[in-house]
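# Architecture and fold: a report
What follows is each chain in one-letter form.
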Amino acid sequence: MRNSIFNRMSKSALLTGASAAMLAVGSAPAVGQDEGASSDQIIVTGSRIKRDGFDSPTPATVMSADLIQGLGQTNVSETLRLIPQISLFQSDSTAGITAGANVGAFYANLRGLNPYNGTRTLTLVNTRRFIPTSDGGAVDLNIIPSSMIERVETVTGGASAAYGSDAVAGVVNIILDTDFEGFRGQVDYGQTARGDGETYHAALTFGSGFAGGRGHVVIGGEFEKKEGIGDCYESRLWCAEGWDRFTNASNILLDGTVSGYNLPGTPDYGLPNFVIGPDSRQAFNDPHGVVRNRDPADPDARNHRFNDDGTGIIEFDPGRFVSTSTFGPRQGGDGASTYADSDLQTPTERYVGYLYSEYELTDSLNLVGEFTYANRQASNTGVTAGPRSTFFVKPTNAYLPAELVTLLDGTSFSLGKDIDAQVPSYNEATTEVFRGVIGANGEFGDSWSWDVYYQYGKNDRHQSRTNSRVNTPFVYALDAVVDPMTNEIVCAELLEADPDPVAEGCVPLNLFGLDNLDPAAVAYAYRPVVEDFKYDQHVIAGSIQGVVYDGWGAGPIGVAAGGEYRDEGGDVTHGDIPNYNDYAFTFGLDYAGDISVLEGFFEMNIPVLRDVALADYLEINGAVRQTRNHATDRLTKEEKTSNATSWKVSTIYDITEGLRFRASRSRDIRAAGFRELYLKNVPTEEGSSQGIVDNPAIPGSPGGGGDDPTPILGGGAFSLTPEKADTTTAGFVVSPGFVPGLTFSADWYQIKIKDVVSTLTGQGIVNFCEDYNLFCGRITYASPTDITFVDARQVNLGQLTVRGFDFELDYNLPLENLHDGLAGDLNFRVLANHQYDFVVLPDPTVDAIDYAGQSGPIRDGGDFNPSPKWIWNGFISYNYGGFNTTVTVRRIGSGIYGVEYTGPEDAGYDPSLPNSISTNRVDAATYVNLAMSYEIKTGSGGQNVEVFGAIDNLFDKKPPVAPGGGGLGGSNYPTNPVYFDTFGMRFKTGVRIRF
């Protein structure tokens, strides 16, 4: 038996990879399994899970191809949505108004621990690393051929010793069916109940032996096109309600006076500092153009907007909660909704091709090749930058109505203008990926096997954004005057004796009213920006594994050892764009770098006891990995090297048949990735919504809207040191003999990450300095009341600790066990996560904050993403003959809107406190999905035709109110799309064939 298992193992050893192919012989049988043949069994630690995670010493979840197909899923991202430990921070439903290069991508994010510029979740394909598709090191799951998936394994705990560095939060391992034989095809179509979100999908897979059975080849291809769902405000009634979080501080009233929660006697006094309510609009944001209520405009001219043709003015209702900074959300009044430009679903198109081949050169030597090609395109609409609040319109502007000129009385004014409809902006990203693997594996002696491989991967991503405002040309085009020589309206700069060369070709902008923009003026003031990201990865790896000692009765002692060298790097460029730093929306500056990693590992599995009074079975497994990481900045020529050791000790203890205890302890490491090290930005625009802070030295600060215009520098930092994480798990698995088919597991986990790579906002830096005397060296002052610069590049910051419980229940019930007349099988499965701690400790001198249970806005630019304390998914399936139906129930528990707030539901609530909020709770949500399929046999060799259909969000549950959860840039949705469904009811139907 041992030799037959090793033959199968040798054929797939390459697929396990050197970073995880640590063989252990004599491992424990499954709970309740017949132990008669157990001494000959072999597993590979953390990578040879067949059907579920009950046999693993660490918490693990497995989703099989049968479940994936039964639910009608066509993208692996849909599968990961069913795992409670997965956060959907980056997906096709969270694009909002952000114009990121990762638009449309889906990244695995275990326990919400991924930082915005990197990843703490290691994604593997066939137990090997995959070429990163983002400059943050993550892998877009859109490029995985979902129709070829055999199973998806998720190890929800530290796994660096087994799989390599970066597996701090855990591992998502996608196993493809490389043994497939025959032909399989699928076509399907889906859309929402409202007729949008159309999805087209087709896939083909072919597998066959050759050379008399010594070789095998599998080839597959997949196409998927999502039309997307447009603006949230126009597409869904719940979004049109416009719920948002408003700041009730430094509110400027119509007469120019200020009101707020902390100003007794003012209209808004008595309300808390933050108010959650409907009808959100952006301050002084109107398609017609509006005169903001701020200096230097004459008070009589303020709060007027232009009529349709721009020849006159009418009064403008600014609504409530308008900050003196005159930007940000406000409630009610005139103008467009905050959510008028937030796409609900990103349009995406992807092509994936995959080839696997193996050939048995001799009885003990196999050659293997694996090749992947993928292309993904995605886009979203965004906000077009209108005039900045400090781009003042002069009273001499030739397009101004005479009525307004009179009211201005010689003063300039700040123009609020929603320009999106007239100058639309589109963000598009195309990613092309190639990956190839060649290798060999074999066996020698009675129990030893080996494998080696070389892998090359290449990622090429192109991003473009239309109509990005160019600041200097825009200012010139905004200053429109009458040429006294020609009596035509021209740009004032062109009349200067020595005009700026940038003004050449200037065409004046008429921003007043609707549809008065000259296309030539738009072409002068708005230009496209691009970004190209090219990344290469080379991997050479090898491992050896086998039995070193037959043991002392409990089973053989197995060992594995190996090494891996990985060299990767790339560059980010932005085309030949002159004055690139003068653009309102850019993607940062050029940067480039290389990272090389050398790793070696050793693992041993020791069966300690078997069939004794105290234990049916006891084993101990230990692994250690040494990692050397070397980074080089191509532009600055800086170099640095770090060394780290990761390790893991785990145990399985079967007290009796049907009862198993398991535990593990590990040290895991993660070095800063490409973007975290090398990203370079320009400082934000002083006085813009991103270039202003509350300065505690200014009387009356903080006001909530910012009172000190300040350039803020973000980006990566080459000085970042590696993160270190200690992970502990402990739990049990029970399969009671008196309930055949039932298995239940419960595991406690703790992940404690030190020296956390973090992104702090400019305001965060200022607050840390004021409250704790931290990061003060990152702030430059002209005087105590004038901050002139904030360095907010990434830092290593304190400690992050998450704790909770994972639960899994699986029960298979043949109905004939209940009654002889019943047919078919019922299966019940529940996956649940209870996360009761999400503690952030920035520094030992700072009070820790526990974000557990928060389901409102993202935190700290997305550097971590807490969740409601309870999330669970339940599955009820019925199978009979060729018929299958599955009901899925997903429950998102109620949560806290924000742990930094205090609402009426919390102890100590007082509306006069700066952290007071009108409500600090987010309702729970329950979603029900239904899927059915019917298989029609068309031959005796497994040929069949299967029709299937699925309805998601069967009862069209609208999402709870939780504004501010849609990514960077503010309140992109009235809910948090990371956890709550924003599409509504939708269906999918299709057909599969196999022969």
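Everything numeric here is computed off the predicted structure, so don't read it as measured data. (Residues numbered from 1 in each chain as written. Predicted model: local features only at pLDDT ≥ 70, side-chain atom pairs only at ≥ 80, totals over all residues. Heavy atoms only, no water.)

### Observations concerning the overall build of the protein
Looking only at helices and strands, the protein features eleven helices and 52 strands. Here the C-alpha radius of gyration of the protein, 30 Å, is about what a compact globule of 995 residues would show, namely 30 Å. On the principal axes, the C-alpha backbone points of the protein span a range of 100 × 60 × 55 Å. Counting only contacts in the protein whose residues sit at least 6 apart along the sequence, the fraction spanning at least 24 positions is 72%. In the form shown here, the protein has an accessible surface area of approximately 36300 Å², with 56% of it arising from carbon and sulfur atoms. One way to put it: in the protein the 72 positive side-chain charges average out to a point 5 Å from where the 124 negative ones average out. (Helix = DSSP H or I, 4+ residues; strand = E, 2+ residues; numbered from the N terminus. Rg over C-alpha atoms; globule rule 2.2 N^0.38 Å. Contact = heavy atoms within 4.5 Å. Areas by Shrake-Rupley, 256 points an atom, 1.4 Å probe, with all protein chains shown as cover. Lys, Arg positive; Asp, Glu negative; His and termini not counted. Charge placed at Lys NZ, Arg CZ, Asp CG, Glu CD.)

### Some thoughts on the pairing of strand β39 (residues 723-734)
A regular strand places its side chains so that they alternate between the two faces of the sheet. Summarising the sheet, strand β35 (residues 659-670) and β39 pair through twelve bridges and their orientation is antiparallel. The partner of R662 across the bridge, within β39, is G731. Where β39 and strand β40 (residues 742-758) come together, eleven bridges link them in antiparallel fashion. Pairing of A730 across the sheet is with W748, part of β40. (Pairing = 2+ DSSP bridges.)

### Structural notes on the sheet that holds strand β42 (residues 786-791)
Strand pairs in the sheet, formed through backbone hydrogen bonds, run parallel or antiparallel to each other. What the three strands build is an open sheet, ordered β38-β42-β41; its pairing is mixed. Edge positions in the open sheet fall to β38 (712-713) and β41 (779-783), since each of these has one partner strand only. Pairing of β38 with β42, which is carried by two bridges, proceeds in the parallel orientation. Directly across from L713, in β42, lies its bridge partner D791.

### Quick notes on the state of the cysteines
Considering all chains together, one arrives at three disulfides under this definition. Here C232 pairs with C239 through a disulfide, and the sulfurs are 1.9 Å apart. Its S-S torsion of approximately 120° makes the covalent link between C232 and C239 right-handed. Across the pair, exposure class does not vary: C232 and C239 are buried alike. The residue that forms a disulfide with C769 is C776, at a sulfur-sulfur distance of 2.1 Å. Between C769 and C776 the disulfide shows an S-S torsion of about 110°. By sign, it is right-handed. Note on C776: relative accessible area 23%, which makes it partly exposed. For the protein, the bonded cysteines pair up as 1-2, 3-4, 5-6 when numbered in the order they occur along the sequence. (Disulfide = S-S within 2.5 Å. Buried < 20%, exposed > 50% of the residue type's maximum accessible area, 1.4 Å probe, protein only.)

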